[in-house]
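# Overview (structure and organization)
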Amino acid sequence: MTASEQILGLVREARTLGQLCRELKNGSATLHLQEMVGGALSSYAAAAVERLRGVHIFVAEDRD
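Residues numbered from 1 in each chain as written. Predicted model: local features only at pLDDT ≥ 70, side-chain atom pairs only at ≥ 80, totals over all residues. Heavy atoms only, no water.

## Regarding the nonpolar core
Grouped together as the largest cluster of nonpolar side chains are 8 residues: L8, V11, L17, L20, C21, Y44, A47 and A48. Of all the secondary structure elements, the ones that give two or more residues to this core are α1 (3-12), α2 (15-25) and α3 (40-52). When neighbours within four sequence positions are excluded, L20 is seen to be in contact with L31, L33, Y44 and A48. (Core = buried A, V, L, I, M, F, W, Y, C linked by side-chain atoms within 4.5 Å. Buried < 20%, exposed > 50% of the residue type's maximum accessible area, 1.4 Å probe, protein only. Helix = DSSP H or I, 4+ residues; strand = E, 2+ residues; numbered from the N terminus. Contact = heavy atoms within 4.5 Å.)

If you want it as structure tokens, here you go:
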């Protein structure tokens, strides 16, 4: 198992991913995720899309 697969596995089990998915299911058009560093946004985005399916757009302020 690669490091990125291990990280994604941890994110899949995170309580905060459940909260994010609930907000997206409730029709929240815009969510502001704070205090995410490094590849955290990418990991959460990947896990949310995997769980919810469909089309999602994530806008980040930098390349990380």
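## Points about unusual backbone geometry
One non-glycine residue, E35, lies in positive phi territory at about 60 degrees. Relative accessible area serves as the criterion here: at 80%, E35 is assigned to the exposed category. A positive phi angle is found at R53, which is not glycine, with a value near 60 degrees. Here R53 shows up in the segment after α3.

## Some remarks on the layout of surface pockets
Any empty space left between atoms is shown by rolling a water-sized probe over those atoms. Looking at the second largest pocket, its volume works out to about 180 Å³. Contributing to the lining of the second largest pocket are T16, Q19, L20, H32, L33, M36 and Y44. A per-class count over the lining of the second largest pocket returns 4 nonpolar, 3 polar and no charged. (1 Å grid on protein atoms, 1.4 Å probe; cavity = no way out; pocket = protein on both sides within 12 Å on 5 of 7 lines; lining within 4 Å. Points joined across faces, edges and corners; volume = space filled by probe spheres on them. Nonpolar A, V, L, I, M, F, W, Y, C, P; charged D, E, K, R; others polar.)

Just distances and angles here, no functional claims.
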